Amino acid sequence: MESESELQSPPEVNIKSRKDSQDAKKYRCDFLFLKRFRRILGLCFPGCFSPHTALFLLLLIVAVGEQIAVYYVGLIPSEFYSVLPVKNFDGFMEVLWQSLLYIILIAVNKSARQYISSLLYIRWREALTAYIHKYYFRNFTYYQLNVLRVDSIDNPDQRITQDVERLCNQFSQIISLFLISPFTVAFYTYNCYVNSGWIGPVSIYLFFIIGTVINKFVMSPVVNLTFCQQRKEGAFRFKHMQIRSNAESAAFYVAGDVERAKTNHTLFTLLDTQLNVANWEFWLHIAVNMFDYLGSILSYVVIAVPIFAGAYDNLTSDELYSLISQNSFVSMYLIFCFSQLIDLSNQISDIAAYSHRIGELIESLKSLPVNDYYPDKDDNEKIDPDDSKLVAIRDTQKLVEEEADISSRMSPRGDINGVDSQSIASGESLMAFQLDQVAICPPDKEEVLVKDLNLEITSSRNLMITGATGSGKTSILRVLHGMWPTAAGSVDRYPTVQPRDVMFLPQKPFLSDGTLREQIMYPAKVSSTSKPIDDDDKLLDILARVGLLKLYNRIGGFDVPVEWNWSDVMTPGEMQCLSFARLFYARPKFAILDEATSALTITHEDAMYRHCSNLNMTIVSVGHRETLRKFHDCVLHLDGKGGWTMRSLNSHN
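Rules and cut-offs
Each chain carries its own residue numbering, running from 1 in the direction its sequence is written. Reporting of local features is limited, given that this is a predicted model, to residues whose pLDDT is at least 70; pairs of side-chain atoms are given and counted only at 80 or more, and all residues count toward the totals for whole chains, interfaces and linings. Side-chain numbers here rest on the full set of heavy atoms in the structure, without hydrogens or water. Helix and strand assignments follow DSSP, with helices taken as H or I runs no shorter than four residues and strands as E runs no shorter than two, numbered in order from the N terminus. Summary of the burial criterion: residues with accessible area below 20% of their type's maximum are buried, those above 50% are exposed, and those between are partly exposed, where the area comes from a 1.4 Å probe applied to protein chains only. Contacts are assigned to residue pairs that have any heavy atoms within 4.5 Å of one another. For the accessible areas, the method is Shrake-Rupley and the probe is 1.4 Å, while residue cover comes only from the protein chains on display. Any two strands with at least two DSSP-identified bridges between them are counted as paired. To obtain an axis, a line is fitted to C-alpha atoms, over the contacting stretch when the element is a helix, and the angle between two such axes runs from 0 to 180 degrees between their N-to-C directions. The handedness of a crossover follows from its direction of travel: if, with the strands pointing away from the viewer, the path from the first strand over the helix to the second runs clockwise, the crossover is right-handed. One fewer than the residue count of a helix, multiplied by 1.5 Å, yields its expected span. Only one rule defines a salt bridge in this text: a Lys or Arg side-chain nitrogen within 4 Å of an Asp or Glu carboxyl oxygen. Distance thresholds for patches are 9 Å for like charges and 5 Å for nonpolar side chains (Val, Leu, Ile, Met, Phe, Trp, Tyr), applied to residues having over 30% relative accessible area and no salt bridge. This count recognises Lys and Arg as positive and Asp and Glu as negative, with His and chain-terminal groups excluded. To locate a charge, the coordinates of NZ of Lys, CZ of Arg, CG of Asp or CD of Glu are taken.

J.: Even after reading the chapter, I still don't get the overall build of the protein, so can you show me in this structure?
T.: Helices and strands together make up the secondary structure of the protein, namely 19 helices and nine strands. Counting every position in the protein, which comprises 653 residues, the buried fraction comes to 46%. In the protein, the proportion of contacts linking residues at least 24 apart, taken out of those at least 6 apart, comes to 78%. Of the roughly 34100 Å² of accessible surface on the protein, a fraction of 58% belongs to carbon and sulfur atoms.

Written out as structure tokens, the structure is:
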């Protein structure tokens, strides 16, 4: 017979949604783009004396050398025109050797520029991705973006992998052109003025201004459409990744037809956007190509003006041929410099779209609140104490003394020999969490899952949480772990319990890549230099206890690399056994289990819980099986309407 002391929750509360409606965003080459791009540049150049800056300066030097070589190569035809008509063999041979030297020089310079651009691309991608990773993997930021959809950031994985790669690659290819162009334009403008007067540079500049205005008008829609295209590319890729990750479940459902329809719908939506991009790029390409060919004609018009005006009537035919060739090169290369800038319109629109997507992600990452309870293990920087918190962390009125010996609190059959509330107050048991009048709602929703919950998690009692599906059982664990904010009330985490003292086991374990040793020690990092000598024996004992020795025998060792995806080769039951192996390796003071034995047999479940008892772990379980009750002191039952009931168990059925 169960003796029950019930704590009823007060009447229901009404929590308003925290989600505001967002207007459709438009992305263009505007001030916002410049602001975000400047921030990205600051990450690409971390310091004046960094390797990134050194490579960039070397790229500028090589680019200047390339332009000098281009100038002399461009003058080669005029040199040949001056020696061939007069049959000057010695002069011809001299020009020929000079030409070969210049060509070799320009070939080496161009190759060096491309090589250094590739090195810059790698450095920039490393710096930008590492910076994003620093904030993305801080606390539960990745969870907030991917699951809670904070700030409506779509496909953060695509932004980190593809968008960063494309931005760094394209920018490394055009950066030297943008920086060298003002000097080359000034140099060739002066030469064009000397040879053709003011009409030459003025006509070329007007040509460039008109081309820029037209391209700006056509390019603006392309930026926003490219942004939308990348977002839908991510959705299409995610759909296929979803099928890959759940192929077996879909096969059991015989869901090929419905998934094909859904995937095709995602594809057609993407293709519609790509068609819109292609339509606008058609007009952009017309403008670009037209200005390319008009530029070649304009160069001859510029040269023709002084010729028909009689400025060169005093020259012989040979000298005039040479001068026309030289002037043609100067004018055409000035037009070419402007045409190159116009040709880059398409790349600039892509860079603008990528900058918006990456900048938007960085802004969201930096604005997200920080949970101080889980400090960054790899970063010594101090988190601003004024930052908003996901869950309040407060000092308690009095720190409890050192933990009492609780090795005998649970008998082998599961009976509780724990301490009562008076022993808790006296400090004999360890307080981990305290929830005071907590209301829990799914983020950005008004539905109240649990209201006015008062709960203490202490080392003196094991707690079982029950309730119907969707009643909020796992939501309580999310609040305890700091993954969800509370809609009302407060959550205190006592400083005597460190994050390493608490371990959460989800119903579906996450199996990352790596060796078997890394899987068992997860989320701890494996260090070959600090590995204990008896570590292998300890791991073998753990595998034997959870029934996974055959996995070790199949692989052939703890450190043997595997080529498969762990989630694809292990059954749900084996994955839950591996999850318990992690628990037994870490040996935390508190084990919080979210239906962590749902795929195990009752016998296997019983063995797992008994070993937790032997390791003196306090257990908080979410579960449905009646067989779990004997391992717990009390039951928190959720009625699915926001209400809850706490029942104390003094005996088991």
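So much for the structure itself; the text now carries on.
J.: Is there a simple way to explain the sheet that holds strand 6 (residues 590-594) in this structure?
T.: For sheets, the rule is that strands pair by backbone hydrogen bonds, running either parallel or antiparallel. Taken in spatial order, the six strands line up as 5-6-7-3-8-9 in an open sheet, and their pairing is mixed. Lying at the two open borders of the sheet, with one neighbouring strand each, are strand 5 (502-505) and strand 9 (644-648). On average, each strand axis in the sheet is inclined to that of its neighbour by 15°, with strand direction left out of account. Both strand 3 (residues 463-467) and strand 8 (residues 634-638) contribute to a ladder of five bridges, which runs parallel. The partner of Ile465 across the bridge, within strand 8, is Leu636. Relative to the sheet, helix 13 (residues 473-481) contacts strand 3, strand 5, strand 6, strand 7 (618-622) and strand 8, its axis offset from that of strand 3 by approximately 135°. Against the sheet, helix 18 (residues 572-586) engages strand 5 and strand 6, with an angle of about 175° to strand 5.

J.: So what exactly am I meant to see when it comes to the pairing of strand 6 here?
T.: Consecutive side chains along a regular strand alternate between the two faces of the sheet. Counting buried residues along strand 6, five of its five residues qualify, which places the element largely inside the surrounding structure. In strand 6, alternate side chains face the same way, and those of Phe590, Ile592 and Asp594 on one face and Ala591 and Leu593 on the other are all buried. Pairing analysis gives four bridges linking strand 5 to strand 6, with the strands arranged parallel. Following the sheet pairing, Met503 is matched in strand 6 by Ala591. Pairing of strand 6 with strand 7 involves five bridges; the strand directions are parallel. By the bridge assignment, Leu593 is partnered in strand 7 with Ser621. Tracing the backbone out of strand 6, into helix 19 (residues 602-614) and back to the parallel element strand 7 gives a crossover that is right-handed.

J.: Would you take a moment to explain helix 19 for this structure?
T.: In an α-helix there are 3.6 residues to a turn, and that puts residues three or four apart on one side. An ideal rise of 1.5 Å per residue puts 18 Å on 13 residues; helix 19 measures up with 18 Å between its terminal C-alpha atoms. Buried within helix 19 are the following residues: Glu605, Asp606, Met608, Tyr609, His611, Cys612 and Ser613. Turning to helix 19, the residues buried within the fold contact helix 15 (535-546), helix 18, strand 6 and strand 7. In the stretch just after helix 19, Asn616 is the one whose phi turns positive, near 60°.

J.: Would you take a moment to explain the sheet that holds strand 2 (residues 450-458) for this structure?
T.: Reading across from one edge, 2-1-4 is the order of the three strands in this open sheet, with antiparallel pairing throughout. With partners counted over all chains shown, the strands left at the sheet margins are strand 2 and strand 4 (488-493), one partner each. Adjacent strand axes in the sheet meet at a mean angle of 5°, parallel and antiparallel pairs treated alike. Bridge analysis of strand 1 (residues 431-440) against strand 4 gives five bridges, and the strand direction is antiparallel. Across the sheet, residue Asp436 finds its bridge partner in strand 4, namely Ser490. Packed on one face of the sheet, helix 13 meets strand 1, strand 2 and strand 4 and runs near 120° to strand 1.

J.: Would you mind showing me how to read the pattern of salt bridges here?
T.: Once the charged atoms of two side chains with opposite charge are near each other, the side chains can pair. One pass over the structure, following the stated rule, counts 18 salt bridges. The salt bridge partner of Arg159 is Asp154, with a shortest N-O separation of 2.7 Å. For the pair shown, Arg159 and Asp154 are each scored as buried. Between Glu605 and Arg625 there is a salt bridge, and its shortest N-O distance comes to 3.1 Å. Here Glu605 is found in helix 19, whereas its partner Arg625 is found in the loop between strand 7 and strand 8, with 20 residues between them in sequence. Glu605 gets classed as buried once you look at its relative accessible area, which sits at 1%. Its relative accessible area of 26% is what places Arg625 among the partly exposed residues. Where salt bridges share partners, they join Asp154, Arg159, Asp163, Arg357 and Glu360 into one cluster.

J.: Explain a positive patch on the surface to me, please; I cannot follow it from the model alone.
T.: A cluster of basic residues, Lys35, Arg38, Arg39 and Lys366, forms a positive patch on the protein surface. For the positive patch, the element with the most residues is helix 1 (residues 31-44), which contributes three residues. Along the chain, Arg38 turns up in helix 1. Among the residues examined, Arg38 registers a relative accessible area of 66% and is labelled exposed.

That is the geometry; function is a separate question.
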